[in-house]
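# Summary of structural features
Each chain is listed here by its residues.
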Amino acid sequence: MAKISYLQAIREALDYEMGQDENVFVLGEDVGKKGGVFKVTEGLQEKYGELRCLDTPLAESNIVGTSIGAAMMGKRPVAEIQFAEYILPATNQILNEAAKIRYRSNGDWNCPMVIRSPFGGGIHGALYHSQSIETVFTSTPGLKVVIPSTPADAKGLLISAIRDNDPVLFFEHKKAYRLLKEEVPEGDYTVPIGKADVKRQGDDITVITYGLCVNYALQAAERLSKDGYEAEVLDLRTVYPLDKESIIEAASKTGKVLLVTEDNLEGSVMSEVSAIIAENCLYDLDAPVMRLAGPDVPSMPYSPPMEDFFMVNPEKIEAKMKELAEH
Amino acid sequence: MEEVLMPKLGESVTEGTIEKWLVKPGDTVEEYDALCEVITDKVTAEVPSVFDGTIKELLVDEGDTVEVGTPICMMETEGGADEPAVESVEEPTPAPREPAPRSEAPEKADARKGTRISPVVMRLASENGIDLDEVTGTGFEGRVTKKDILKVMEEGPSEKRVPAEEKESTPVSEPAPEPQAGQPAAGEEIPVTGVRKAIANKMVQSSQEIPHAWLMMEVDATNLVNVRNSHKASFREKEGYNLTFFSFFVKAVAETLKEYPILNSSWQGDKIVVNKDINISIAVAGDDKLYVPVIRNADDLSIKGIAKQVSELAKLGRNHQLTQKHMEGGTFTVNNTGAFGSVQSMGIINHPQAAILQVESIVKRPVIVDDMIAVRHMVNLCLSIDHRILDGLVAGEFLKAVKTRIESYSTEHTSVY
């Protein structure tokens, strides 16, 4: 197995699916000739032609609307929104149309569409290039929201998303693109949507997180291990709908739970995870549930010290972990 | 209605014991009037009122120990609530005060009683019939954690098992009444509170933490007795207080500590801190209480200066007027055990100092001087050392240097001024 980056793993998934199913096609701003602003789709237009790797106008509502129509007619579009915060003009299409087609048509129609988009901060991207916008979509039944944390998961989950018969939002952490590298199974490799994954075993505390924070939490857990505390790290992988069973199991295992997200604290995915734990795990809890998240300020700042203040990092996670372990 | 909180009576003080209430509900008090006497492990002090008003309720009983910041009484005040509720007694300029202790303190008190039990601990304890009072908590502030309970479930309540086995074996040997026959009839019970409790805690801490070692040296104090007697009457007349033998010993010790600074140090876990100042703690007894006030920079003082301080501190001690200020900062203790006739003793070190010197009674004894039997004034100096810091060699050298200093006092060369 070859060691490849998170970005290469995503490209490999696209390439593999386009190669084995001619209904799969890619569309988005600059995805064709340029190969995408992050070069995720580089080479796909050359390989599969202009009709299967489409450069679109700067109109997100249009990109998603086109995808919905194509998906309803049997295609499997993979739309790219250049940066996650640019998805907002398309929210009406996603929330009102894509999410509800199966329900509205009593199962006669469905929408096997994927929307890929880079999200997250820590890259000096300031407000238009750093946001976490997953919670816009994590309360709309009919949607699935997937956020992989490793290259292997990124490939496996993207292939699963393309093959899924309902709309999947697939958010990629842009800082992870070239930062994370690992061995990724070649060829046909899938990871189930809706299943969380224990990334590290431990019996002192449980950390539940997703996205780049998984990597940060694993780093923090290794440091904490030197203090004699072992942390269980659960990667949600799919943030909507949540894998309640795994959350309950992981929380009950240690009774001490730290929830980490780089999104703003209030109303984050972790607020829902916390509610699941409160509803199901009260008699297994050994400490109040703790959350570590971005502050409730409008956006990721550009200034490096202010960005550091906003972003979750291994040091912040470790400090919280220790506090919880010593509770 | 305002709360009066337990004030912080010194830097490292975290709790205090209400020795005596000086007011009762219904009393009208003015700001700065004394409300109660509080004892900490360092000091006895009066807590002044921070408001004008009427005492509504006393929240803490005499003899009870509460954390700093815990409400101790409620007062009805006339004015607004703009007065701060916490007032520091020892620090007239309050350091940046965090609001946290105010709300946290009562919670902490609860934690001591073991009321902070998490749901999982409660469930596991009741499912397995575990008495939480018997489980040692390793969590925050001694909280019993899930892991603590799991450990008990795995290992079984080991402490409980032992007495159970003993019970089984006792009936075989002898019936119960025997231990009763050996018990003395119970007399008066004296509750251990206040200063007595503080002394007890300090002594236990010192004797448990510090590996003590002891040395004793005989010193010929004949010259010293001559020097002191030659000044005694005139000094008393001129200065108005006694020129005590003890002052000469303190002077000799302070000078010798300058030579052997390692005796003037403190064990701090991973390091030994050698103190720059030579501050001699002296023991002062008042009724059933023991105070250890400090003579600061004793090496700077003349024998007269030391005598003056000893006299003043002893007077304050007898009247129970010593405050924290008098007691803090000591680096070495000299104890006047000779005052009550002792000729030999093994002192417990005044934690966290490195040593304590007991000055015993000066007694006339026949000794051999130049192969002849002579009658000399002899005194024993008994030194207790922290064996982590000091070994016998340096302790012996120190004691010998003190001895030499005392033996070389002379009417010709020694000035008390």
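Residues numbered from 1 in each chain as written. Chains lettered and ligands numbered in written order. Predicted model: local features only at pLDDT ≥ 70, side-chain atom pairs only at ≥ 80, totals over all residues. Heavy atoms only, no water.

## Examining the overall build of chain A
What counts, and what does not: Put simply, DSSP marks the helices as runs of H or I at least four residues long and the strands as runs of E at least two long, and each gets a number from the N terminus on. By definition, residues are in contact when any of their heavy atoms lie within 4.5 Å. Here the accessible surface of atoms and residues is derived via Shrake-Rupley with a 1.4 Å probe, and residues count as covered only by protein chains that are part of the display.
Across its full length, chain A carries 12 helices and 14 strands. The contacts of chain A with a sequence gap of at least 6 include a subset with a gap of at least 24, amounting to 83%. Accessible surface, chain A as shown: approximately 13,100 Å² in total, 51% of it carbon and sulfur.

## Focus on the overall build of chain B
When helices and strands are counted, chain B shows 11 helices and 18 strands. At a minimum sequence separation of 6, the contacts of chain B that also span at least 24 residues come to 64%. Total accessible area computed for chain B in this model is approximately 23,200 Å², and 51% of it derives from carbon and sulfur atoms.

## Re the pairing of strand E5 (residues 114-119) of chain A
Residue and element names in this part refer to chain A. What counts, and what does not: Partly exposed residues are those whose accessible area sits between 20% and 50% of the maximum for their type, while under 20% is buried and over 50% is exposed, using a 1.4 Å probe and protein chains only. Whether two strands pair depends on DSSP finding at least two bridges between them.
Burial runs high along E5: six of the six residues are buried. Both faces of E5 are covered, namely the face carrying Val114, Arg116 and Pro118 and the face carrying Ile115, Ser117 and Phe119. Note: strand E4 (residues 76-80) against E5, three bridges, orientation parallel. Directly across from Val78, in E5, lies its bridge partner Val114. Pairing between E5 and strand E7 (residues 168-173): six bridges, direction parallel. For Val114, the partnering residue across the bridge sits in E7 and is Val168.

## Some details on the nonpolar core
Residues and elements named next belong to chain A. Defined as follows: Buried Ala, Val, Leu, Ile, Met, Phe, Trp, Tyr and Cys residues form a nonpolar core when they are joined through side-chain atoms within 4.5 Å. Throughout the structure description, domain borders are defined by an automatic or database domain assignment.
Counting 54 residues, the largest nonpolar core has Leu14, Val207, Leu258, Ile317 and Met321 as its most contacted members. Looking at this core element by element, the count peaks at seven residues for helix H8 (residues 212-225). Of the residues that make up this core, three or more belong to each of domain 1 (3-183) and domain 2 (197-325). With near-sequence residues (within four places) excluded, Ile317 lies in contact with Cys213, Tyr216, Ala217, Ala220, Leu258, Val260, Leu292 and Val312.

## Examining the packing of aromatic side chains
Rules: A pair of Phe, Tyr and Trp rings is counted when the ring centres sit within 6.5 Å of each other, with Trp represented by its six-membered ring. The angle between the planes then sorts it: under 30 degrees is stacked, over 60 is edge-to-face, the rest tilted. For a lysine, the NZ atom is tested; for an arginine, the CZ atom; a charge sits over a ring if that atom is within 6 Å of the ring centre and within 35 degrees of the ring normal.
Considering all chains together, one arrives at 11 aromatic pairs over all chains under this definition. Aromatic side chains Tyr260 of chain B and Phe398 of chain B sit 6.3 Å apart centroid to centroid with 90° between the ring planes, which places their arrangement in the edge-to-face category. Taken together, the positions of Tyr260 of chain B in the loop between helix H8 (245-259) and strand E10 (265-267) and Phe398 of chain B in helix H11 (residues 392-407) put the pair 138 residues apart, joining distant regions of the chain. Overall, Tyr260 of chain B belongs to the buried group, its relative accessible area being 18%. The exposure class assigned to Phe398 of chain B is buried, which follows from its relative accessible area of 0%. Put simply, the rings of Tyr6, Phe38, Phe83, Tyr86 and Tyr177 of chain A pair up and form one aromatic cluster. Above the plane of the ring of Phe245 of chain B lies Arg228 of chain B, whose end atom (NZ or CZ) is 4.3 Å from the centre.

## Structural notes on the sheet that holds strand E5 (residues 44-48) of chain B
All names here are of chain B. Using the following cut-off: Only the stretch in contact is used when fitting a helix axis, every axis being a line fitted to C-alpha atoms; angles between N-to-C directions are given from 0 to 180 degrees.
Read from one edge to the other, the open sheet built from four strands follows the order E5-E4-E2-E7, with strand pairing classed as antiparallel. The sheet is open, and its two borders are formed by E5 and strand E7 (65-67), each paired with just one other strand. Within this sheet the neighbouring strands show an average axis-to-axis angle of 40°, counted without direction. As paired strands, strand E2 (residues 15-21) and E7 are joined by three bridges and run antiparallel to one another.

## Side note on the packing of helix H7 (residues 222-239) of chain B against H8 of chain B
Residue and element names in this part refer to chain B. Counted only if it meets this: If an angle is under 35 degrees, it is roughly parallel; if it is over 145, roughly antiparallel; if it lies from 65 to 115, roughly perpendicular; otherwise it is oblique. In this scheme, a crossing is called left-handed if the near helix is turned counterclockwise away from the far one by less than a right angle; it is called right-handed if the turn is clockwise. Residue type decides the class: Asp, Glu, Lys and Arg count as charged, Ala, Val, Leu, Ile, Met, Phe, Trp, Tyr, Cys and Pro as nonpolar, and the leftover types, Gly among them, as polar.
At a minimum axis separation of 10 Å, H7 and H8 run at an interaxial angle of 125°. One way to sum up the angle between H7 and H8 is to call them oblique. The way H7 lies across H8 gives a crossing that is right-handed. Here Leu224, Val225, Val227 and Arg228 of H7 come into contact with H8, specifically with Phe245, Phe248 and Phe249. Split by residue class, the contact of H7 with H8 holds six nonpolar, no polar and one charged.

## Observations concerning the packing of H8 of chain B against helix H9 (residues 303-318) of chain B
Residue and element names in this part refer to chain B. As a packed pair, H8 and H9 sit with axes 9 Å apart at the nearest point and diverge in direction by 120°. What the angle tells us is that H8 and H9 run oblique. Pair H8 / H9 crosses with right-handed handedness. Contacts from Phe246, Ser247, Phe248, Val250 and Lys251 in H8 reach Ile303, Ile306, Ala307 and Val310 in H9. Residue classes in the contact of H8 with H9 are distributed as seven nonpolar, one polar and one charged.

## Examining the UniProt feature "domain: Peripheral subunit-binding (PSBD)" (unreviewed entry) in chain B
Stated precisely, the cut-off is as follows: UniProt positions are given in the numbering used here, feature names are shortened, and annotations may be inferred rather than shown by experiment.
The positions that UniProt labels "domain: Peripheral subunit-binding (PSBD)" (unreviewed entry) are, in the present scheme, residues 116-153 of chain B. Strand forms 0% of residues 116-153 of chain B and helix 45%; the C-alpha atoms that close the span are 20 Å apart.

## Overview of the environment of Asp391 of chain B
Its location among the elements puts Asp391 of chain B in the loop between strand E18 (372-386) and H11. Along the chain, Asp391 of chain B and Ala213 of chain B lie 178 residues apart, while their C-alpha atoms are 8.7 Å from each other.

## Some thoughts on the pairing of strand E2 (residues 24-28) of chain A
All names here are of chain A. With five of five residues buried, E2 is to be regarded as a mostly interior element. Residue alternation in E2 divides its side chains into two sets, Val24, Val26 and Gly28 and Phe25 and Leu27, and both sets are buried. In this sheet, E4 lies alongside E2 in parallel orientation, the contact comprising five bridges. Paired with Val24 across the strands is Arg76, a residue of E4. Note: E2 against strand E3 (residues 53-55), three bridges, orientation parallel.

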